[in-house]
Amino acid sequence: MEDLKFKYLERLSEIYPTIAQASTEVINLQAILNLPKGTEHFLTDIHGEYEAFAHVLKNGSGSVRRKVDAVFGNTMSSRDKQALATLIYYPREKMDRVKKEENNMEDWYKITLYRLIEVCKRTASKYTRSKVRKALPKDFAYVIEELITEKAELTDKESYYNEIVNTIIRVRRAEEFIIALSELIQRLTVDHLHIVGDIYDRGPGPHIIMDKLMQYHSVDIQWGNHDILWMGAAAGQRGCIANVIRICARYGNLDILEDGYGINLLPLATFALSKYADDPCECFGLKGSTSFTAQEKEMEIKMHKAISIIQFKVEGQIIRKNPGFKMEGRNLLHRIDFEKGTIDLDGQKYELLDKNFPTIDPRHPYTLTKEEEDIMERLERAFLNCEKLQEHMRFLLNKGGLYKVYNNNLLYHGCIPLNEDGSMKQVKIYGKTYKGKELYEVLESYVRKGFFAVETKEKERGRDMMWYIWLNENSPLFGKDKMATFERYFLAEKETHLEKKNPYYSLLENEKVVDSILAEFGLSGECIHIVNGHVPVRSKNGESPIKCGGKVLVIDGGFSKAYQKETGIAGYTLIYNSYGLILTAHDPFESTEAAIEKGSDIHSDSIIVKRVMARKRVEDTDDGKRLKERIRDLEFLLEAYRSGRITEKI
Ligand SMILES: O=P(O)(O)OC[C@H]1O[C@](O)(COP(=O)(O)O)[C@@H](O)[C@@H]1O
Ligand SMILES: [Mn+2]
């Protein structure tokens, strides 16, 4: 042990070769520990709504506006503060508008630059000089640093700053400078972003969101069931591929696949148009609003039906291949009486709303026709070979996982499968039993195997496991007793559409249960929380996102337009800054245009969940723990230098 420690100190002395260097580092680290904790921003269930996502990201769920308020207080009107905030979110667009209205732009530049510099100073003051420097835009790095650093030794500070600002305006760089400052403020306002799952499906731009996330300075992702579905599809799992296409078709979003990812859907389209030529496919109408022509719409609807039938067949095969998934109950095609157009569900007969199944052979209902097989083969190849999709999935794999413990908060998308009595449910995965944290871990290991395992069998298991995580009742990401897709398309009886939630969701007010979950992930004591998404909070019905006295925060982002009618709002986001936790309820997002025009933020309400007594510092965070360890090691090194066990390397 001693030997190992000595070796470690020797290595450390290579980085800090002198007493002076090691002690400077100790002083620097100690200074960081005393800075206020960086702001964390939590978003979930974005569901392809890239405009609303970009807006919330730009305004830091109200954080930018709070900064503007803190800097200018009552010295500026609320309208001016809002205009300044909008400028920070959308500098280019806002300036275009201002130019049309203002007759003295020089004055406007001067005032605006001055204001932005003040906000920038305040946002940067939380960070070390070196961190701010790293965030500075290359072109203006030197000047911005001059402007935001207090110059105590200058007697006439004002004229010094004025000179710089005047020069910027004179050389016609004011606009670029305003843009650079605005982006810097956005960048510094949020230190770290958590995405608690479900980037994909329903909305039109998940690929645009992924591109944005890949450029973001600091982010982690807890995979949602919809993300896993896309990961499975990208790994070539047929059940996942069929579901991905079906959901895109359902929401009129097939162009995500065609234009966004360059996946060719022509074979499916041609097949659907010929197979369902005279079929109105009434059960397969599109959700949400689309701008399709009648002809386009007809094609989407037919493709929607074609891929749904393929999905039910392919899923039947996966279920039969994996009896351990215990999902035979979800195989429904063989229970259809194709002559009568009825289905037998647990002894009860139901009439099907659509009786036309030209591709199903009643004797072998789960077998794909030659054409369907051909389509699936081509799609499988297209998903596997799509470079952009694979790149997005690699990013999810690198930055993501099924859960995360971060600064005393436990983050996951769905739930912890529980029994009725609140104990953790034992779940069998390929013959072995797991629960709680171990269940999460084994599932995550299979997801990674689905991409990286060398051995074919293990890889296949990994792939099938992604489909399992998407919809199995024991999946912590799904957490419902069944996914009633078939019933929702084909049966009128609403009771068959019901998807019963795992007891987890009704036990969230039970402190014993909540504590046991937190403890399972190593969390105990004060100021610990579970943050999860997945289930829309029906605030219209008085439901609160704050459960168990604030220990659990269910922040389904509700970005998804399809769900806003049900919930009454556009969901919640969470901010954890040095003063505490702030939950923001959002109003539906109209459009970027409207946000600039009206200068509206989309948050309607901010609820302070927890206000800390003393402002939290870096010292109180996970990063702080690591820094303290580093300081301790460096102090050992200093001791070794001073006692002569290690010599300085000058
Ligand atoms: O309303 P849609 O888009 O058809 O989706 C409904 C399906 O989505 C699910 O709610 C899963 O998606 P979420 O993870 O967003 O809840 C299923 O339980 C349900 O069958
Ligand atoms: Mn979900």
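All values derive from a computational prediction rather than experimental measurement.

Visitor: Which residues make up the sheet that holds strand β5 (residues 342-345), and what values do they have?
Guide: Within the open sheet, the three strands sit side by side as β4-β5-β6. Their pairing is antiparallel. Looking along the sheet, the strands with just one partner apiece sit at the ends: β4 (336-337) and β6 (348-351). Of the strand pairs in this sheet, β4 and β5 are connected by two bridges, and their pairing is antiparallel. Looking across to β5, one finds that D337 is bridged to T342.

Visitor: Explain the coordination of the manganese ion (ligand 2) to me, and be specific about the residues and the numbers.
Guide: Donor atoms from the polypeptide that bind the manganese ion (ligand 2) are D198 (OD), N225 (OD1), H413 (NE2) and H534 (ND1), placed at 2.2 to 2.4 Å. On the primary sequence, the residues serving as donors to the manganese ion (ligand 2) are separated as D-x26-N-x187-H-x120-H. Of the two residues, D198 is situated in the loop between β2 (192-195) and α12 (206-215) and H413 in the loop between β9 (409-412) and β10 (427-429); the sequence distance between them amounts to 215 residues. Accessibility expressed as a relative area gives 2% for D198, which makes it buried.

Visitor: Just give me the short version of the packing of helix α14 (residues 238-250) against helix α21 (residues 456-471), but keep the residues and values in it.
Guide: Close contact between α14 and α21 brings their axes to 9 Å; oriented N to C, the two are set at 45 degrees. When the axis of α14 is compared with that of α21, the two are oblique. Contact with α14, carried on its side by G239, C240, N243 and I247, involves M466, W467 and W470 of α21 and no other residues of that element. Of the residues contributing to the contact of α14 with α21, the split by class is five nonpolar, two polar and no charged.

Visitor: Any chance you could break down the confidence of the model for the protein for me, citing the residues and the numbers?
Guide: On average, the protein scores 93 in pLDDT, and the residues at 70 or more come to 98%. Interface confidence for the predicted complex, given as ipTM, is 0.95, next to a pTM of 0.94.

Visitor: Talk me through the site of ligand 1; I want residue IDs and the actual numbers.
Guide: Taken together, 15 residues lie near ligand 1, and H226, Y251, R488, E499 and Y563 sit nearest. Contact between ligand 1 and D198: an oxygen atom at 3.3 Å from a side-chain N or O atom of the residue. In the environment of ligand 1, an oxygen atom lies 3.1 Å from a nitrogen or oxygen atom belonging to the side chain of H534. If ligand 1 stood free it would expose 470 Å²; the protein chains cover 91% of that surface. When residues are assigned to domains, the shell around ligand 1 turns out to be shared by domain 2 (40-197 + 524-616) and domain 3 (224-401 + 426-471), each giving three or more.

Cut-offs applied
Residues numbered from 1 in each chain as written. Chains lettered and ligands numbered in written order. Predicted model: local features only at pLDDT ≥ 70, side-chain atom pairs only at ≥ 80, totals over all residues. Heavy atoms only, no water. Pairing = 2+ DSSP bridges. Helix = DSSP H or I, 4+ residues; strand = E, 2+ residues; numbered from the N terminus. Donors = N, O, S within 2.8 Å, 3.2 Å for Na, K, Ca; no water. Buried < 20%, exposed > 50% of the residue type's maximum accessible area, 1.4 Å probe, protein only. Axes fitted to C-alpha atoms, helices over the stretch in contact; angles between N-to-C directions. Parallel < 35°, antiparallel > 145°, perpendicular 65-115°, else oblique. Contact = heavy atoms within 4.5 Å. Nonpolar A, V, L, I, M, F, W, Y, C, P; charged D, E, K, R; others polar. pLDDT = per-residue confidence, 0-100. Near = heavy atom within 4 Å. Polar contact = N/O pair within 3.5 Å; in protein donor to acceptor, adjacent residues only side chain to side chain. Areas by Shrake-Rupley, 256 points an atom, 1.4 Å probe, with all protein chains shown as cover. Domains from an automatic or database assignment.

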